Amino acid sequence: MPRDEYLTDILRRQGISRRGFLKFCSAMASLMALPPGMAPAIADALSKARRPSVIWLSFQECTGCTESLTRSHNPTVESLILDAISLDYHHTLQAASGTAAEEAREHAMKEFFGKYLLIVDGSIPIKDGGVYSTIAGMTNLQMLEDAIEGAAAIVAVGTCAAFGGLPHANPNPTGAVSVLDIVKDRKPVINVPGCPPIPVVITGVLAHYLTFGTVPDLDHHHRPLSFFGDSIHDRCYRRPFYDKGLFAKTFDDEGARNGWCLYELGCKGPTTYNACATSKWNNGTSFPIQSGHPCLGCSEPDFWDAGSFYSPLSTPSLGVSKVAATAVAAGAITGVAFGLYDQRKRKKARQQHKKVSVEDLGETS
Amino acid sequence: MTTAQRAITAMVEQIDGPVASYFSSCVHCGMCADACLFYTETQDPRFTPIYKLLPMRKVWQQEFTFWGRLMKSIGLAKSVTDEEMAEWEELVYDTCTLCGKCSLACPVGNDITYMIRKFREAMVASGHAPQGLKEAMKRAIEIGSPMGITLTTLQAQIKHAEEELGYKVPIDEEGAEYMMVLSSAEIAQFQEIIPAVARIFKAANVSWTLCSTAFEGTNTGIQIGSSDLAAELIERIVAGAEQLKVKTVISPECGHAYIALRWEGPNLIGRPYKFKVQHILEILEELRKQGKLKTKGKDETRLTYHDPCQIARRGGIVEQPRNLINQFAANFVEMKEHGEYNWCCGGGGGVAANERAEERRLDVFSKKKQQLDEIKVERIVTACSNCRNMLEDGLDHYNMSDIEVVGLTETLVQFLDDTNQAND
Amino acid sequence: MNETELLTWLRGPGLLIAITIFVLGVVFRVIQNLAIGMPENLAEPKGSTFGPGVATVFRRFKFHRHSTNRGYFTLIAGYTFHIGLLLTLLFLDQHILLFKSILGFGWPALPTVLITFSALISIGALFAVLVYRVMDPVRRKLSVYQDYLVWVLTIGPLITGYLTMHPIGLSYTLLLSLHIISAEILLIAIPFTSLSHMASLFVSRWYNGAIAGYKGVKS
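A brief report on the enclosed structure follows. (Residues numbered from 1 in each chain as written. Chains lettered and ligands numbered in written order. Predicted model: local features only at pLDDT ≥ 70, side-chain atom pairs only at ≥ 80, totals over all residues. Heavy atoms only, no water.)

For the rest of this paragraph, the subject is the interface of chain B and chain C. With 61 residues of chain B at the interface, the matching set in chain C holds 49 residues. Taking both partners together, chain B and chain C bury about 4400 Å²; carbon and sulfur atoms supply 57% of that area. Our count for the chain B to chain C interface comes out at three salt bridges. Between R70(C) and D34(B) there is a salt bridge, and its shortest N-O distance comes to 2.6 Å. Joining chain B to chain C, the criterion identifies 29 residue pairs in polar contact (both at pLDDT 80 or more). Among the secondary structure elements, those contributing two or more residues to the side of chain B that touches chain C are helix 2 (17–25), helix 4 (54–64), helix 5 (66–73), helix 7 (101–105) and helix 15 (255–269) of chain B. When residues of the side of chain B that touches chain C are assigned to their parent elements, the largest contribution, seven residues, is made by helix 2 of chain B. (Contact = heavy atoms within 4.5 Å. Buried area = accessible area lost by both parts, 1.4 Å probe. Salt bridge = Lys/Arg side-chain N within 4 Å of Asp/Glu carboxyl O. Polar contact = N/O pair within 3.5 Å; in protein donor to acceptor, adjacent residues only side chain to side chain. Helix = DSSP H or I, 4+ residues; strand = E, 2+ residues; numbered from the N terminus.)

Given below as structure tokens:
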């Protein structure tokens, strides 16, 4: 596609009317919790948006994030935007391969130095010099380092890029770390976690960046507040059952069939921040809890190491019974031991007992 | 060993399983204060029963708990000092009669009285005890009675009784079933007990005897808190009982004598008795139940019964005196808190022998006065000579001397129907 | 360490440490108190020891409170706090899940709103108890720093628990972590403080009753 085409030209060519485009912009505005009056501003910015260069680096990942993003049963505006941005480098989606692909990347980095948007999915292994994930002989670590300086902003897509994800889980044999661990405060980093993230969340972040040229408001985990500001628990439609104390105890009991809260089945909704309960998945079809499965907490750091997915938040993440039983036995044994020791102590004191005689009472009148 | 070390060693000796569990459970709720007449009548928080044990708690902490032992081993624990023992002497001896009401009131079940008794052992070991009590103890060991009563006095009272009765009072009779022990106060002041007991036993055809070497039941050793000295006194009674080969020793109308002889005795001397011990009230009730204690006539005087603490609350003899009183009293009213809930008269536990505490014990008699004011009686029956003296002192102090104080046995005998008995 | 790691640690090793110290410590104290024991009683018994001991354990639940302000207050505030605490601890569904994972069995829960109520009442009673401890001359005389420390440790889980269910200011994750850590600190403190009364009172009441029962006295 020609580089100097406007986004709206591209969309028109694809058959998206101005009306459809404006509808998208309104949806974007409300998704990002912006006032309705922002929709025209979004439309305006997007219309003027030249196709920004985007370099997408895929590291130690499963490609689930790309799959989530690109999965569409019918063409959606989101996927068209992605098509429309100048995706100069993307393993899965690009046509080029081998040295040609790497050249395309280096070329884009040089030409749009300081202006390209860097998107990363997958974690970065750093153990043993980073040999556990290489592309064209170059470690992920090196590739990321090279790309940081010229990036305007970096978006870490998926929990692996945002927090280290599955490779980072105990015992982390590859020394996997997150994008932020490498970049630190050199460039603005936006984390878009999820395993995978909701498609519209990614495009919402991009739309924000394209509209305002700035990074959206982030929480302490660098996640956009507009999508990750509320916990699943706070937006869950089953919340009234939690508050009342009505829980499904198995996957097919009366509670489950009645759509009661899934806390007892291990739902991590209360400690998980994402847009699943509001935006949902597959164009708003459903989300895990609605389908009867507890939330795994996949947009939180270290969710793989946070105890079983099916053990409730109030229960131990390690086995306690054996330890408690051992403690009872140990307490009993030491109790008896010290009891006997103290008996001996008393006996010794008894031996030091000087028998009291009348003389000990001292002078009396 | 310094005096402080002697005190600590004595406490280590005394802290047993129960004491350890009591200190483990105390949450400083202060409920024991409401059960102690020394607190209720003065509102002085230092007289809270568990507060009186503070030095002992320190020793428990430093010698028997993990944290305490740790702190002691690294030198961060302040051990009990001689000054503390001196300071606590007044609390332990002047404001506690070992009455046991606090032990009944504690929500976590602490037997505070039990602990005070043990704490006094440490006081004695380190030389701390009230002068008056020390002197009484000396007299008890050296003369044979804390009041200084000798066999001569007893013999005089026996002669008196024999003149009244017209027959001999048995003394040193080997092979009798019962050996009656008396208390000094009875021999000195309430000597009617001797002919009373003689008549009752004669009517019931029971063989009994006094013992010339073991006629004193009062145990000052228990009151001052010295197991060694208490044991010495017990040994005299045991020797007398074994020599006379009696089956049962009778504990007199005296509170601490019962506790000393019946419950602490064998443990003090380190061996079980070869005889039984029973309180005079238990004997009388047994005789009554067997129909061997016939009475005639009833007393219309409005009277009440004051339960001596060591006999009722700490000794378990609650029903027997009531059954006996109901034999002769037609107008028996109970104080609101009676039986094991009765309030102490204020004279037990060595307090009466302690001149330093005289003002205080009269002061706190206001509790007993309050009890009596509620029921307005003419007479108080009791079964402990120490209580009798204290009640009289207290009533006098509060200008209530129109209320008569009498002993149970001597009153019961006034209604004894022994006219059918052939005289000796 | 991020929030999730903190929460996972508190639910994992933290809990193991706290439960080990709590269980070991409490069992130790109870057994030690029993093992130090008493010498054999050589006096002729008038009654038994075991039965009367057990009877006293139950009888002291209705402790002999005199008709004083202190007595009424202790009865009402004390029981309100204890019952409120036990209801909250034992009958909130989330807590029952915890017990089930440790003991292997659970029991029916009460509606959450009732537990909210019991927690608040418990907190209120605790404040009342603190005020009284400071104002009553007897309690003030008896109280040492430890008495105030355990008050803080006890109210911690109640307040943080309430906040976890009704978050203010902090995230649910952090509040839950605070709740768990406050409970763990409380558990660790129990064997070393007067809070051990929760277990040792059965021993002390039993001893009291047993010693009295031997004498044929009801205690």
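At the junction of the two partners, chain A supplies 19 residues and chain B supplies 22 residues. Of the roughly 1800 Å² buried between chain A and chain B on both sides combined, carbon and sulfur atoms contribute 59%. Along the contact surface separating chain A from chain B lie two salt bridges. Here chain A is connected to chain B by seven residue pairs in polar contact (both at pLDDT 80 or more).

To continue, consider unusual backbone geometry. All names here are of chain A. Backbone torsion omega between N170 and P171 reads 5°, so that peptide bond is classified as cis. By the secondary structure assignment, P171 is in the loop between helix 9 (165–168) and strand 8 (176–177). Cis geometry is found at the peptide bond from C195 to P196, where omega equals 0°. Its location among the elements puts P196 in the loop between strand 9 (189–192) and helix 11 (199–212). In this structure, D128 takes a positive phi of about 55° despite not being glycine. Here D128 is to be found in the loop between strand 4 (124–125) and strand 5 (134–135). Given the relative accessible area of 48%, D128 is considered partly exposed. (Buried < 20%, exposed > 50% of the residue type's maximum accessible area, 1.4 Å probe, protein only.)

Take the pattern of salt bridges next. Tallied over the entire structure, the rule returns 43 salt bridges over all chains. Two residues, R239(A) and D243(A), come together in a salt bridge whose shortest N-O distance is 3.3 Å. Highlighted residues: R239(A) and D243(A), both in helix 14 (residues 239–244), separated by four residues, approximately one helical turn. Measuring nitrogen to oxygen at the nearest pair gives 2.8 Å for the salt bridge that ties R69(B) to D342(A). Placement of R69(B) in helix 5 and of D342(A) in helix 16 (residues 321–351) is noted, with the two residues assigned to different chains. Look at R69(B) and you get buried, because its relative accessible area is 17%. What makes D342(A) buried here is its relative accessible area of 0%.

Next up on the list: the packing of helix 3 (residues 69–91) of chain C against helix 5 (residues 112–135) of chain C. Residues and elements named next belong to chain C. Running from N to C, helix 3 and helix 5 cross one another at 145°; their axes reach a closest spacing of 8 Å. Where helix 3 crosses over helix 5, the two elements pack in a sense that is left-handed. Contacts from N69, R70, F73, A77, T80, F81, G84, L85, L87, T88 and F91 in helix 3 reach I115, S118, A119, I121, S122, A125, L126, A128, V129 and Y132 in helix 5. Split into classes, the residues belonging to the contact of helix 3 with helix 5 amount to 14 nonpolar, six polar and one charged. (Axes fitted to C-alpha atoms, helices over the stretch in contact; angles between N-to-C directions. Left-handed = near helix turned anticlockwise from the far one by under 90°. Nonpolar A, V, L, I, M, F, W, Y, C, P; charged D, E, K, R; others polar.)

In this section: the sheet that holds strand 5 (residues 303–306) of chain B. All names here are of chain B. Taken in spatial order, the three strands of this open sheet run 5-6-7, and their pairing is parallel. Bordering the open sheet on either side are strand 5 and strand 7 (404–407), each of which pairs with just one other strand. Ignoring which end each strand starts from, the neighbouring axes of this sheet average 30° apart. (Pairing = 2+ DSSP bridges.)

Our next topic: helix 11 of chain A. All names here are of chain A. In this model, helix 11 (14 residues) spans 20 Å end to end at C-alpha, consistent with the 20 Å of a helix rising 1.5 Å per residue. Burial of helix 11 is extensive: 12 of the 14 residues sit out of reach of the surface. Considered for burial, the residues of helix 11 that qualify are V200, V201, I202, T203, G204, V205, L206, A207, H208, Y209, L210 and T211. G213 sits one or two residues past helix 11 and shows a positive phi near 70°. (Expected span 1.5 Å × (residues − 1).)

Right, let's get into the environment of L6(C). Residue and element names in this part refer to chain C. Its location among the elements puts L6 in helix 1 (residues 3–36). Sequence separation between L6 and L178 is 172 residues; the distance between their C-alpha atoms is 9.9 Å. Beyond its immediate sequence surroundings of up to four residues, L6 is in contact with M1 and S177.

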